Amino acid sequence: MDRFIKLLMGGLFLTLIFLSIDGVLELKYHTNLLLLGVDADQLESLRTKTVRPTLYLTGAYFIFRYFTGKNPTSSVWPVFVMFAAFTFVQFLAFFTSPIRIAMIISFVLSLFTTVILRIAHNKRQKDVSTF
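Residues numbered from 1 in each chain as written. Predicted model: local features only at pLDDT ≥ 70, side-chain atom pairs only at ≥ 80, totals over all residues. Heavy atoms only, no water.

Go over the overall build of the protein with me, naming the residues and quoting the values.
For the protein, the helix and strand inventory stands at four helices and zero strands. Split into buried and exposed, the 131 residues of the protein put 27% on the buried side. Look at the contacts in the protein between residues 6 or more apart in sequence, and 68% of them connect residues 24 or more apart. A total accessible area of about 9300 Å² is found for the protein, and carbon and sulfur atoms account for 70% of it. (Helix = DSSP H or I, 4+ residues; strand = E, 2+ residues; numbered from the N terminus. Buried < 20%, exposed > 50% of the residue type's maximum accessible area, 1.4 Å probe, protein only. Contact = heavy atoms within 4.5 Å. Areas by Shrake-Rupley, 256 points an atom, 1.4 Å probe, with all protein chains shown as cover.)

Kindly report on a nonpolar patch on the surface, identifying the contributing residues and their values.
There is a patch of nonpolar side chains on the surface, built from Met1, Phe4, Leu111, Phe112, Val115 and Ile119 and spanning about 540 Å² of accessible area. Per element, the largest residue contribution to the nonpolar patch is four residues, and it comes from helix H4 (residues 101-128). Take Met1: it is sitting in the segment before helix H1 (2-25). (Patch = residues over 30% accessible without salt bridge, like charges linked within 9 Å, V, L, I, M, F, W, Y side chains within 5 Å. Salt bridge = Lys/Arg side-chain N within 4 Å of Asp/Glu carboxyl O.)

Let's hear about the pattern of salt bridges: which residues, and what values?
Per the counting criterion, the structure on display carries one salt bridge. In this structure, Asp2 and Lys123 form a salt bridge, with 4.0 Å as the shortest nitrogen-oxygen distance. Within this pair, whereas Asp2 is found in helix H1, its partner Lys123 is found in helix H4, the two being separated by 121 residues in sequence. We classify Asp2 as partly exposed; its relative accessible area is 42%. Using a relative accessible area of 37% as the deciding quantity, one classes Lys123 as partly exposed.

Outline the packing of aromatic side chains, supporting the account with residue identities and numerical values.
Tallying each qualifying case throughout the model produces six aromatic pairs. With a centroid separation of 5.3 Å and 75 degrees between ring planes, the pair formed by Phe94 and Phe107 is classed as edge-to-face. Residue Phe94 is located in helix H3 (residues 77-96), and its partner Phe107 is located in helix H4; the two are separated by 13 residues in the primary sequence. Per residue, the accessibility class of Phe94 equals that of Phe107, and both read buried. Here the aromatic residues Phe91, Phe94, Phe95 and Phe107 are joined through ring pairs into a cluster of three or more. (Phe/Tyr/Trp six-rings, centres within 6.5 Å; stacked < 30°, edge-to-face > 60°.)

Right, dumping it as structure tokens:
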């Protein structure tokens, strides 16, 4: 399980780095979602309804944590919170957008990733709190 968590975290790291570079440089890249029947406009709408609210929800959560005086309990916690917010926003998108197979696949993948990140956080938290 430890090896799987490390592979997942490495894959997330590379994906997030790529997406951040893409967001800064506005590179046009091909996506497999187009093969699932989602055109470019629908994909942009889906990103607007999920990625931006995830960013805002994550930021609001950490500002709340700042005001309550709580620090993250492990280095994995911020990544977990981001994916938990993304999963939550995707769940809400089922009620505000036409449901497509791409949305279901994305939701299931993000839910799975959130669960694995929670396991990784619990493991890291045990390592940190053994003083």
